[in-house]
Amino acid sequence: MTRIGILTSGGDCPGLNAVIRGAVLKGETVHGQDFVGFLDGWRGLVDGDVMALDRSSVRGLSHQGGTILGTSRVGPYCERGGPEVIRGRMAELGVDAIIAIGGEGTASASKRLFADGIDIVGVPKTIDNDLDATDYTFGFDTAVEIATEAIDRLRTTGNSHKRCMVLEVMGRHAGWIALHSGIAGGAHAILIPEQPETIEQICEWVSSVRDRGRSPMVVVAEGFTLPHMDSAHSTKGLDGFNRPRLGGIAEVLAPEIEARTGVETRATVLGHIQRGGSPTGFDRVLATRLGMAATDVVADAEWGHMVALRGTDIVRVGFDDALANHKTVPDAQYQEVRVIFG
Ligand code: F6P
């Protein structure tokens with residue numbers, strides 16, 4: 001019998017529990033595999049900190065946000081880790097293979113472990129939807145729903161006060177959440193990392209909305225830059241993967257917009273609200289299918305691959321291909337909606 005260790009690493013997102021449930025149900029039922037869960041991502045693997053995972057422990061899990069395994073931004077090559085330690089832990093626990101659920105950082109670490117001879121497969125996750133190997137990542141749809149609701153709510157209070165409302169959503173390299181929620185919520189301008197816009201242009205859009213007697217709604221992704229900025233706005237140091245912690249560009253834009261247009265302007269940073277709570281039906285389905293498919297990859301011993309969505313099919317992609325590019329918003333998709341800004 002193959003024993004699989006599952007871990008969730010990096011920032012969490014809605015749908016992680018549905019992946020775990022899908023994997024355990026299919027693995028036990030179809031492949032005769034059994035499972036343990038590593039706690040807090042790679043930390044649990046490095047320290048040998050596990051919880052039992054069987055059919056009863058995943059009961060009713062697919063609607064629950066977060067991850068029952070916990071997560072962290074600790075890497076497997078941290079000081080007390082590395083392939084020898086990990087091989088030792090796996091042997092101690094009788095674990096033959098690992099399913100690592102995570103984003104770009106997790107996939108890079110998995111690729112390195114695979115090169116070091118560890119039997120590992122991956123499941124992609126990020127609310128940012130910026131992994132090129134998969135058409136959608138679970139968590140994204142939920143984040144778009146939450147951001148759309150935030151826009152709807154900001155618009156009613158914005159209308160009452162005739163204010164310009166600026167909503168900041170997540171999106172480090174890619175503006176998918178801003179683009180989709182902005183379209184869904186009828187924003188008057190959508191600002192994304194892929195497309196710098198000048199403050200003059202943004203104010204022109206805001207002014208034209210005001211001139212029509214409406215209250216302007218601007219959606220901005222955290223990674224958006226004005227042309228003079230060399231990098232995304234960050235004032236909070238680095239995260240566990242040494243990436244700048246983003247957030248706050250809405251608060252930079254709001255006073256500028258107000259000063260230049262005379263429209264009273266307020267900023268809202270949506271933050272981790274986007275990553276919390278119950279996944280949408282779409283995300284539960286995608287996550288469950290990916291979890292189940294990961295156990296097929298283990299059964300076929302196709303190490304070094306992750307599962308992904310292409311069209312409506314679940315496919316397998318090598319870690320190399322998975323990590324080759326960020327999936328950013330194509331210029332044509334942005335221009336398609338930019339023509340109706342203002
Ligand atoms: O990478 C996903 C993401 O949600 C980014 O959009 C955001 O910059 C980051 O995680 C926030 O991470 P943390 O939870 O560590 O603050």
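Procedures and definitions
- Residues numbered from 1 in each chain as written.
- Predicted model: local features only at pLDDT ≥ 70, side-chain atom pairs only at ≥ 80, totals over all residues.
- Heavy atoms only, no water.
- Pairing = 2+ DSSP bridges.
- Helix = DSSP H or I, 4+ residues; strand = E, 2+ residues; numbered from the N terminus.
- Axes fitted to C-alpha atoms, helices over the stretch in contact; angles between N-to-C directions.
- Buried < 20%, exposed > 50% of the residue type's maximum accessible area, 1.4 Å probe, protein only.
- Near = heavy atom within 4 Å.
- Polar contact = N/O pair within 3.5 Å; in protein donor to acceptor, adjacent residues only side chain to side chain.
- Areas by Shrake-Rupley, 256 points an atom, 1.4 Å probe, with all protein chains shown as cover.
- Nonpolar A, V, L, I, M, F, W, Y, C, P; charged D, E, K, R; others polar.
- Domains from an automatic or database assignment.

*Asks:* When you look at the sheet that holds strand 6 (residues 164-169) in this model, what are you seeing that I'm missing?
*Replies:* Backbone hydrogen bonds hold the strands of a sheet together, and the pairing may be parallel or antiparallel. Strands sit in the order 7-8-6-9 across an open sheet of four strands; the sheet is parallel. In this open sheet, the two strands that pair with only one neighbour each are strand 7 (189-191) and strand 9 (265-269). The mean angle between the axes of side-by-side strands here comes to 15°, regardless of whether they run parallel or antiparallel. Where strand 6 lies against strand 8 (residues 217-221), five bridges are found, and the strand directions are parallel. Considered in strand 8, the bridge of glutamate 168 is made with valine 220.

*Asks:* Is there a simple way to explain the pairing of strand 11 (residues 313-318) in this structure?
*Replies:* Looking along a regular strand, one sees the side chains alternate between the two faces of the sheet. Here strand 10 (residues 305-310) runs beside strand 11; their pairing, made up of six bridges, is antiparallel. The partner of alanine 308 across the bridge, within strand 11, is valine 315. Between strand 10 and strand 11, which pair antiparallel one after the other, the connecting turn spans two residues, and glycine 311 there sits at a positive phi close to 65°.

*Asks:* Even after reading the chapter, I still don't get unusual backbone geometry, so can you show me in this structure?
*Replies:* Most of the time, phi is negative for any residue but glycine, and the peptide bond is trans. Even without being a glycine, aspartate 40 presents a positive backbone phi close to 60°. Position of aspartate 40 relative to the elements: it lies in the loop between strand 2 (34-38) and helix 2 (42-47). A relative accessible area of 26% places aspartate 40 in the partly exposed class. For alanine 301, which is not glycine, the phi dihedral falls at a positive 50°. Checked against the element boundaries, alanine 301 lands in the loop between helix 9 (281-299) and strand 10. We classify alanine 301 as partly exposed; its relative accessible area is 40%.

*Asks:* I'm lost on the site of the ligand in this one. Help?
*Replies:* By nearness alone, every residue bordering the ligand is listed as Arg73, Ile127, Asp128, Met170, Gly171, Arg172, Glu222, Arg243, His272 and Arg275. At a separation of 2.9 Å, an oxygen atom of the ligand approaches a polar side-chain atom of aspartate 128. Arginine 275 places a side-chain nitrogen or oxygen 2.8 Å from an oxygen atom of the ligand. Surface burial for the ligand is 81%, taken as the share of its 400 Å² of free accessible area covered by protein chains. Across the shell around the ligand, the residue classes break down as two nonpolar, two polar and six charged. Taken together, domain 1 (3-138 + 279-322) and domain 2 (140-275) each give at least three residues to the shell around the ligand, which thus spans both.

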